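Understanding the architecture of this molecule
Spelled out from the first residue to the last, the chains are:
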Amino acid sequence: MRRYHRLPYNALVPQSYKLVYSVNMPQAREAGLGKASLISLRGSPRERGLIHGEALREQITIRLARCKADLAGQRATDPAGVGHHLARLLARTSFVEAMARWTPELLAEIEGIADGAAISKDDALVLNLMDELAWFSVHENNAESCSAVGIRPQGVPALVGQTMDLTESFDGSQAILQIEDTEARSLVLTSAGMVGLCGVNSDAVAIFCNQLLSLRPSVTGLPAAAVVRGALARRSFSQARAFIDSIEHASGQNYLLAGPEETVNLECSAAGVCECPSTERSVWHTNHPLASVDLAGGDDERPGFSGGSHERLSFLQERVPQASSLEDLQAIFADRSVPICKLPGPDGRELTFAAFVAQLSTPPRVWIAAGPPDRSPFSEFAFSQAGRPA
């Protein structure tokens with residue numbers, strides 16, 4: 001029997017609120033695995049960033065150090081070499097200009113994060129370019145293996161969600177942002193210092209991500225984290241879809257976009273947006289393109305970039321059409337046979353950072369497991385019509 005912890009959506013949390021679960025893992029892993037910080041963000045974009053940065057300063061400092069250490073290991077260089085590489089990333093791309101054009105409020109929020117966490121603006125930007133670093137710093141250890149699913153059971157609201165699989169260096173940076181003082185309040189899963197990884201808003205618009213490194217990127221496009229938050233700022237599925245269609249995309253990515261009546265997979269690349277075929281009641285995606293032919297190097301299966309994507313897709317093709325409940329979806333995300341759910345391993349590469357499930361009811365309901373969901377309790381977050389705890 002799973003244990004559920006119900007938490008009010010918009011409880012004001014002035015300091016980081018720890019959701020801690022117990023896991024039967026080696027002692028060396030227990031300190032970081034399985035904790036998430038719940039932060040309520042209010043005020044102007046810059047004020048929201050300040051709250052984020054101040055509340056998660058320690059986690060942001062650790063995440064930034066780990067990010068730079070990962071790059072040093074991948075590129076066999078010293079800290080100075082990492083600094084030069086990150087400076088080239090910002091100098092040779094127009095990500096800041098793209099954000100200024102399509103999501104200017106997020107630039108102010110990132111500046112607030114930098115000030116709140118006492119780090120440089122450039123370092124705060126780097127933390128928000130996770131997907132862009134993956135292709136700019138091409139290396140096989142950049143693989144991600146997220147799995148996203150959407151189902152529309154007969155007679156009940158749609159259920160959508162994903163496993164967010166990241167390198168183990170992200171562990172301990174799990175955070176949940178409750179974004180207030182906007183037209184569409186949002187509940188966003190993220191890593192400390194980032195504006196968002198995936199989420200759902202109070203109008204039941206949800207967005208989930210699968211990295212597609214084999215698709216062609218663009219140095220002038222909008223970074224993936226900004227795409228997520230930009231979509232969640234929209235009040236309807238059609239507005240969010242129009243936003244995704246209208247922008248230039250920095251990274252090859254599939255966005256599983258959902259609303260109360262529609263769910264689609266949108267594969268995005270430098271060439272634009274390509275909608276994947278889907279069944280009437282279910283969709284799924286992993287980490288290789290199903291529709292787009294805008295390939296970066298003419299090969300949709302570059303070594304290390306798919307994370308067992310084809311095997312996971314076959315598993316989802318078999319299991320998802322049979323799923324009809326919250327428990328079914330959570331069981332899919334907890335699978336260890338393929339696996340969909342990944343545990344820390346000796347290579348230190350990937351683990352399931354978190355799992356996120358949303359029911360697109362009015363108001364939406366959300367369940368998040370801050371770690372591998374085969375052993376992590378899901379905590380429930382409830383939106384309320386009046387913006388008060390349910």
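Every value quoted in this text rests on a predicted model; they were computed, and no experiment measured them. (Residues numbered from 1 in each chain as written. Predicted model: local features only at pLDDT ≥ 70, side-chain atom pairs only at ≥ 80, totals over all residues. Heavy atoms only, no water.)

Some remarks on helix H4 (residues 79-91)
Taking 1.5 Å of rise per residue, the 13 residues of H4 would be expected to cover 18 Å, and the 18 Å separating its terminal C-alpha atoms lies within 8% of that figure. Among all positions of H4, only Gly81, Val82, His85, Leu86 and Leu89 are buried. Buried residues along H4 cover an arc of 135 degrees about the axis, so they all sit on one side. Away from the buried face of H4 by more than 90 degrees, exposed residues His84 and Ala91 are located. (Helix = DSSP H or I, 4+ residues; strand = E, 2+ residues; numbered from the N terminus. Expected span 1.5 Å × (residues − 1). Buried < 20%, exposed > 50% of the residue type's maximum accessible area, 1.4 Å probe, protein only. Arc of directions from axis to C-beta.)

Focus on the confidence of the model for the chain
Confidence in the prediction of the chain, expressed as mean pLDDT, is 86, and 84% of residues score 70 or more. The low-confidence segment residues 1-33 (pLDDT under 50) makes 95 contacts with residues lying over four places distant or belonging to another chain. (pLDDT = per-residue confidence, 0-100. Contact = heavy atoms within 4.5 Å.)

Structural notes on the side chain of Asn201
One can find Asn201 in strand S8 (residues 198-201). On the basis of relative accessibility, which here comes to 0%, the residue Asn201 falls in the buried class. Engagement of the side chain of Asn201 in a polar contact is seen with the backbone oxygen of Arg234, the distance being 2.8 Å. (Polar contact = N/O pair within 3.5 Å; in protein donor to acceptor, adjacent residues only side chain to side chain.)

Things to note about the nonpolar core
Formed by 78 residues in total, the largest nonpolar core has its most connected members in Leu222, Ile244, Tyr255, Leu257, Phe356, Leu360 and Val366. Looking at which element gives the most residues to this core, the answer is helix H9 (residues 224-232), with seven residues. Discounting residues that sit within four places of it in the chain, Ile244 has contacts with Ile207, Val227, Ala231, His249, Tyr255, Leu257, Leu266, Cys268 and Val273. Core analysis: the second largest hydrophobic core is formed by 19 residues, Phe315, Leu316, Leu329 and Ala355 among them. (Core = buried A, V, L, I, M, F, W, Y, C linked by side-chain atoms within 4.5 Å.)

What to know about the packing of aromatic side chains
Following the criterion strictly, the structure yields four aromatic pairs and no others. Their ring planes at 65 degrees and their centres at 6.4 Å tell us that Trp135 and Phe136 sit as a pair that is edge-to-face. Ring centres of Phe170 and Phe353 lie 6.4 Å apart, and the angle between their planes is 85 degrees; on these two criteria the pair is classed as edge-to-face. You can see Phe170 sitting in the loop between strand S5 (159-167) and strand S6 (174-179) and its partner Phe353 sitting in strand S14 (residues 350-359), a full 183 residues away along the chain. Exposure class is identical for Phe170 and Phe353. Each is buried. Three or more aromatic residues link up through ring pairs in this structure, and these residues are Phe95, Trp135 and Phe136. Sitting over the face of the ring of Phe170, Arg63 holds its NZ or CZ atom 3.7 Å from the ring centroid. (Phe/Tyr/Trp six-rings, centres within 6.5 Å; stacked < 30°, edge-to-face > 60°. Lys NZ or Arg CZ within 6 Å of the ring centre and 35° of its normal.)

Looking at empty space enclosed by the protein
Applying the stated criterion across every chain, the model contains two cavities of 30 Å³ or more. Here the largest cavity defines a volume of roughly 80 Å³. Listed by contribution, the elements that provide at least two residues to the lining of the largest cavity are helix H8 (130-136), strand S9 (206-211) and H9. Broken down by element, the residue count for the lining of the largest cavity peaks at three residues, all from H9. Among the residues forming the lining of the largest cavity, the class breakdown is nine nonpolar, three polar and two charged. (1 Å grid on protein atoms, 1.4 Å probe; cavity = no way out; pocket = protein on both sides within 12 Å on 5 of 7 lines; lining within 4 Å. Points joined across faces, edges and corners; volume = space filled by probe spheres on them. Nonpolar A, V, L, I, M, F, W, Y, C, P; charged D, E, K, R; others polar.)

Quick word on the pattern of salt bridges
One pass over the full model with this rule turns up 12 salt bridges. As a salt-bridge pair, Lys68 and Asp123 come within 3.3 Å of each other at their nearest N and O atoms. You can see Lys68 sitting in helix H3 (residues 57-75) and its partner Asp123 sitting in helix H7 (residues 121-127), a full 55 residues away along the chain. Look at Asp123 and you get buried, because its relative accessible area is 16%. A salt bridge links Glu109 to Arg229; the nearest nitrogen and oxygen atoms lie 2.9 Å apart. Remark: Arg229 occurs in helix H9 and Glu109 occurs in helix H6 (residues 104-117); sequence separation between them is 120 residues. (Salt bridge = Lys/Arg side-chain N within 4 Å of Asp/Glu carboxyl O.)

Some points on the packing of helix H2 (residues 45-55) against H3
Direction vectors running N to C along H2 and H3 enclose 80 degrees, while the axes themselves pass 4 Å from each other. The angle between H2 and H3 falls in the class roughly perpendicular. Contacts between H2 and H3 involve His52, Gly53, Glu54 and Ala55 from the former and Arg57, Gln59 and Ile60 from the latter. Classifying every residue of the contact of H2 with H3 by side-chain character gives two nonpolar, three polar and two charged. (Axes fitted to C-alpha atoms, helices over the stretch in contact; angles between N-to-C directions. Parallel < 35°, antiparallel > 145°, perpendicular 65-115°, else oblique.)

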